[in-house]
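Structural characterization, general
Listed below, chain by chain, are the residues.
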Amino acid sequence: MLIRRSVLLGAALVLAAAGSAQAGDGPGVDAGKCQVVKFCVGVSTGGKAGGATPQTGSQDSSAASDLKCGYTKIAPEPPASAEELWKGADPAKNDLYFYSCSDGGQNNPDGFVVVPTGQQPQQQVNPQELAQQAVDSMTLLGPDININPKPGGRGLVGMPVWMAVGRSQTTWGPNTASASAGGVTVTATARVSKVVWSMGDGTSVTCTTPGTVYRTSYGLKRSPDCGHVYTQPSTNTSGGTYRVSATSTWVIDWNGGGANGQLTEVRTSSVAVTIVESQAVNS
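Structural notes, computed from the coordinates.

Procedures and definitions
Along each chain, residue indices are assigned from 1 in the same order as the chain's sequence is written. Local features in a predicted model are, by the rule used here, given only for residues with pLDDT of at least 70; side-chain atom pairs are given and counted only at 80 or more, and totals for whole chains, interfaces and linings are based on all residues. The basis for every side-chain value is the complete set of non-hydrogen atoms in the structure, without hydrogens or water. Whether two aromatic rings pair depends on their centres lying within 6.5 Å, for rings of Phe, Tyr and Trp, where Trp uses its six-membered ring; planes under 30 degrees apart make the pair stacked, over 60 edge-to-face, and the rest tilted. By definition, disulfides here are pairs of cysteine sulfur atoms that lie within 2.5 Å. Strands here mean DSSP runs of E at least two residues long; helices mean DSSP runs of H or I at least four residues long; both are numbered from the N terminus. Exposure classes here rest on a 1.4 Å probe applied to the protein chains alone. A residue is buried below 20% of its type maximum, exposed above 50%, and partly exposed in between. Any carboxyl oxygen of Asp or Glu that lies within 4 Å of a side-chain nitrogen of Lys or Arg is treated as forming a salt bridge with it. Residues are treated as being in contact if the distance between any of their heavy atoms lies within 4.5 Å. In plain words, nonpolar cores are sets of buried Ala, Val, Leu, Ile, Met, Phe, Trp, Tyr and Cys residues tied together by side-chain atoms within 4.5 Å.

1. Comments concerning the packing of aromatic side chains
Taken as a whole and judged by the stated rule, the model has seven aromatic pairs. Through a chain of ring-to-ring contacts, the aromatic side chains of Tyr71, Tyr97 and Tyr99 assemble into a single cluster.

Here it is as structure tokens:
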């Protein structure tokens, strides 16, 4: 898509330069010069004539960059013979813009747009922005923690700790929502892909399942899918407990408006557990 966009825009610049040279529009505008400086093209943004404010959409939370979309006004304009660009419109009554996004058109189709002279291009619907709106309308919560030993109770050094989370729409998924604008509807579905447990003793455990809730019938067995064993008592810490935090990663798949993609969100919950030496329990 990046190659296609470069070729099309390059063709428009060459045609524009050639058309201006033939029409005698003045010095400094010829095919050779335009190809070198490129630029017989002005980029217009909000507050300047002939432009539109570039759109911005949030990508997944693990990425710091934002999606940016905007219009580039083609000037000088290509001749009327460039029918592929003008799409039958009269160049005397219209302006030509190129719409593009920082993702290279992967999720937001780019291309040439014909706009009546004196008017600004209509803002394009950005499917990824709609996807983020759908996610924002969801209730995505941190893990519903179920840990043994229970908060408020006491566990033993060297004994198995079982970690699990509740499986509801808001704490595990699937959680689905839609957002619409300009005749385009995008639907997003969120699911937890993993939970990273920070155990408070400097160790972490990554679980790709909700974990297994402990039952007394399990005795001293270890959790089959999400567990931990403390080697030091929490009584040695300043607060006398270990702060256990569980961070879930929500993966959101979305589609609509002729595009699809994936976003991520993270949520965290925490509890405090007390771990003691065995002799402290008997005392």
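The rest of the description comes next.
2. Brief notes about the state of the cysteines
Across all of its chains, the model carries one disulfide by this definition. Here Cys207 engages in a disulfide with Cys226; their sulfurs sit 2.0 Å apart. Taking the sign of the S-S torsion, 90 degrees for the link of Cys207 and Cys226, the bridge is right-handed. Of this pair, Cys207 sits in strand 11 (residues 204–207) while Cys226 sits in the loop between strand 11 and strand 12 (227–229), placing them 19 residues apart in sequence. Judged on exposure class, the residue Cys207 and its partner Cys226 are both buried.

3. Some details on the pattern of salt bridges
Scanning the model with the defined rule gives two salt bridges in all. For Lys73, the salt bridge is made with Asp95, and the minimal N-O distance between the two is 3.8 Å. Of this pair, Lys73 sits in strand 3 (residues 66–74) while Asp95 sits in strand 4 (residues 94–101); the two residues are 22 residues apart in sequence, bridging distant segments of the chain. Residue Glu265 is joined to Arg267 by a salt bridge in which the shortest nitrogen-to-oxygen separation is 3.2 Å.

4. Some points on the environment of Glu277
Following the sequence through the fold, Glu277 ends up in the loop between strand 14 (259–276) and helix 5 (278–282). Judged by relative accessible area, Glu277 falls into the partly exposed class, the value being 34%. For the pair Glu277 and Thr235, spaced 42 residues apart in sequence, the C-alpha to C-alpha distance is 8.9 Å. Discounting residues that sit within four places of it in the chain, Glu277 has contacts with Leu156, Val157 and Pro233.

5. Notes on the nonpolar core
Ile147, Met163, Trp197, Tyr230 and Val244 are the most contacted members of the largest nonpolar core, which has 37 residues in total. Where this core is concerned, the elements lending two or more residues are helix 4 (127–137), strand 6 (145–148), strand 8 (160–165), strand 9 (175–181), strand 10 (184–198), strand 11, strand 13 (242–256) and strand 14. By residue number, the principal contributor to this core is strand 10, which donates seven residues. Excluding its chain neighbours within four sequence positions, the residues that come into contact with Ile147 are Val161, Trp162, Met163, Val244, Val271 and Val273. In terms of nonpolar packing, the next biggest core, distinct from the first, is built from seven residues, Ile74, Trp86, Phe98 and Phe112 among them.

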